[in-house]
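# Secondary and tertiary structure notes
Single-letter residue listing:
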Number of protein chains: 2
Amino acid sequence: MSVQATAATETRSYHHGNLAASILERAAEIIDEEGIEALTLRGIARDLGVSHGAPNRHFKNKAALLCALATSGWLSVRDATLDAADATGSSNAHIRLNAMGQGYLRWAFANRSLYRALYHPDVNRYASTELKEAIDQFSQIVRDAVEETQKEGRAQDVPLNVLTVFTNAVPTGAALMLTDPLLHHDVESEGELDRLIEQIIELVVPVAGINK
Amino acid sequence: MSVQATAATETRSYHHGNLAASILERAAEIIDEEGIEALTLRGIARDLGVSHGAPNRHFKNKAALLCALATSGWLSVRDATLDAADATGSSNAHIRLNAMGQGYLRWAFANRSLYRALYHPDVNRYASTELKEAIDQFSQIVRDAVEETQKEGRAQDVPLNVLTVFTNAVPTGAALMLTDPLLHHDVESEGELDRLIEQIIELVVPVAGINK
DNA sequence: TAAGGAATGTTGACATCGTCTACATGATAC
DNA sequence: GTATCATGTAGACGATGTCAACATTCCTTA
């Protein structure tokens, strides 16, 4: 139903008008609704009412489509992470980094399928320049935020890169584990999940007793 | 060359003799050498000098083969983790858990391709009973070890499940990040990696100043 | 404004893949 | 020794990704 959401030009013209964006949009829907293994270039073309060869004009191959999706995913998770920091209204590095971890996890849960697609083998294999840049951007904001906490006195005897990997690993690993139905069968309520997120992140970047 | 390693019966008989095991073995090789997207039932059959339909007698479908691989992977990482604990020769829960984290990470690096296959979408989707059991076994040893450290005084105000997720997330996230060429471009020497592993795990389960 | 190239979509083809069915062969239990 | 079951073979089918040749439309530019 939302298949034809874009390109709402009532005249069904030869040219679609916005096919690349529509393909990405539909691809995201499919991943979310049927899983990434149901993603098919021909299927997308069918859904969009376009010939099976059309997508090739916009994506060199299927891996390129996946990379484009992953790129927007990384940018999106970066934004969510940064927004969470800003939403604290605090300039305290610990409070900000703590919020970033929670924001990251909440994004991962709100976008499980896309989140897991970020680690799909094809994405790693045929990474584009844009994807690499998006990933670098994310890594950079984490590293910067970690560095700020260190300036505030956190784990000053630990090398920055080690502290960064550690800090980043917690939300990453937790997201991977908790979004995996095989690894985590406890069905939980919304509120329970929020509490779990808080508690886990508190163990990496404690903020108890810190004033904004 | 190592393709025909198994089933070295010089008489090329109609029946292969050990096809299931050979398929698994060859599949592991392919994943390691060419990546998981190069894995093909027909390709394996070709490599093993067997008709393209033969693998279907032993694996219901391709996903079942992946699940079998993942199952042995989880059992293997469980063993590596437990062995690392035992290798300490200590009965101190902190020392043992610390070693487990390091053992897990070392296994992940030594078997990157297989490790990443554990999180392949198809594995999640069509998980077998054996796979679920293998995963549960791994989860159990981690939870038990975490519980022991808590009895020794670690983070006693934190619920066990939270502490378990946290403790497990660090090696999991670190392995995922560090085995990803996109996330970690710093090429490092063997010794550097070992040191990094030690330092990261020390941040989750500190053992500095503990006597065996 | 007319023309012509660039962008975009279509059609048909090809190789490959997973999977199914019918059949052949070999092993094993009785 | 024979019957039955497990295992391997051969052929077919539909689906997919990708390519090349062609069609249509857009847009720049003279």
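Note that this is a predicted model, so its numbers are computed, not measured.

Once that is clear, we can look at the environment of L39 of chain B. All names here are of chain B. Summarising the element assignment, L39 is placed in the loop between α1 (19-34) and α2 (41-47). Owing to a relative accessible area of 3%, L39 belongs among the buried residues under this scheme. Considered as a pair, L39 and R112 are 73 residues apart in the sequence and their alpha carbons are 16 Å apart. If sequence neighbours within four positions are ignored, L39 has contacts with A27, I30, I31, I44, K62 and L66.

Turning next to the nonpolar core. Residues W74 of chain A together with W74 of chain B are the most contacted members of the largest nonpolar core, which totals 127 residues. If sequence neighbours within four positions are ignored, W74 of chain B has contacts with L183 of chain A together with L118, Y119, L131, A134, I135 and F138 of chain B.

Another aspect to go through is the protein's contact with DNA strand C. By nearness alone, 24 residues border DNA strand C, and S51, H52, R57 and H58 of chain A together with R42 of chain B come closest of all. Here DNA strand C approaches the protein such that, of its atoms within 4 Å, sugar and phosphate make up 50%. In this structure, a phosphate oxygen belonging to DNA strand C sits 3.4 Å away from a side-chain N or O atom of R46 of chain B. In the environment of DNA strand C, a phosphate oxygen lies 3.0 Å from a nitrogen or oxygen atom belonging to the backbone of K62 of chain B. Here the element with the most residues in the surface near DNA strand C is α2 of chain B; it accounts for three residues. Tallied by class, the residues present in the surface near DNA strand C amount to six nonpolar, twelve polar and six charged.

A few words now on the protein's contact with DNA strand D. Near DNA strand D there are 24 residues, and of these R42 of chain A together with S51, H52, R57 and H58 of chain B occur at the shortest range. Per the 4 Å cut-off to the protein, sugar and phosphate atoms form 54% of the nearby atoms of DNA strand D. Contact between DNA strand D and K62 of chain A: a phosphate oxygen at 2.9 Å from a main-chain N or O atom of the residue. In the model, a phosphate oxygen of DNA strand D is placed 2.4 Å from a nitrogen or oxygen of the H58 of chain B side chain. By residue class, the composition of the surface near DNA strand D is six nonpolar, twelve polar and six charged.

Glancing now at the domain arrangement of chain A. All names here are of chain A. What the domain assignment lists for chain A is domain 1 (14-57) and domain 2 (62-204). Computed from C-alpha coordinates alone, the two centres of domain 1 and domain 2 are separated by 28 Å. Between domain 1 and domain 2, the residue contacts involve ten residues of the former and nine residues of the latter. Around 830 Å² of area is buried between domain 1 and domain 2 when both sides are counted, 82% of it from carbon and sulfur atoms.

About the thresholds
The numbers attached to residues start from 1 for each chain and follow its sequence in the written order. Written order determines the labels here, with chains lettered from A and ligands numbered from 1. It should be noted that, the model being predicted, local features are given only for residues of pLDDT at least 70 and side-chain atom pairs only at 80 or more, the latter also being counted only at that level, while totals for whole chains, interfaces and linings use all residues. Values shown for side chains rest on all heavy atoms present in the structure; no hydrogens or waters enter the calculation. Each helix is a run of DSSP H or I of at least 4 residues and each strand a run of E of at least 2, with the numbering of both proceeding from the N terminus. Buried means the residue's accessible area, taken with a 1.4 Å probe over protein chains only, is under 20% of the maximum for its type, while exposed means over 50%, and partly exposed covers the values in between. Contact between two residues is taken to exist if any of their heavy atoms lie within 4.5 Å; hydrogens are not considered. Residues belong to one nonpolar core when they are buried, are Ala, Val, Leu, Ile, Met, Phe, Trp, Tyr or Cys, and are joined through side-chain atoms within 4.5 Å. Throughout this document, a residue counts as near a molecule or strand when at least one of its heavy atoms sits within 4 Å of that molecule or strand. By the criterion applied in these results, polar contacts are pairs of N or O atoms within 3.5 Å in which, for protein atoms, one can donate a hydrogen and the other can accept it, and in which residues neighboring in sequence qualify only through two side-chain atoms. Ten residue types, Ala, Val, Leu, Ile, Met, Phe, Trp, Tyr, Cys and Pro, are classed as nonpolar, four, Asp, Glu, Lys and Arg, as charged, and the remainder, Gly among them, as polar. For each domain, the first and last residues come from an automatic or database assignment. What gets called buried area is simply the loss in accessible area from a 1.4 Å probe that two parts show on being joined, summed for both.

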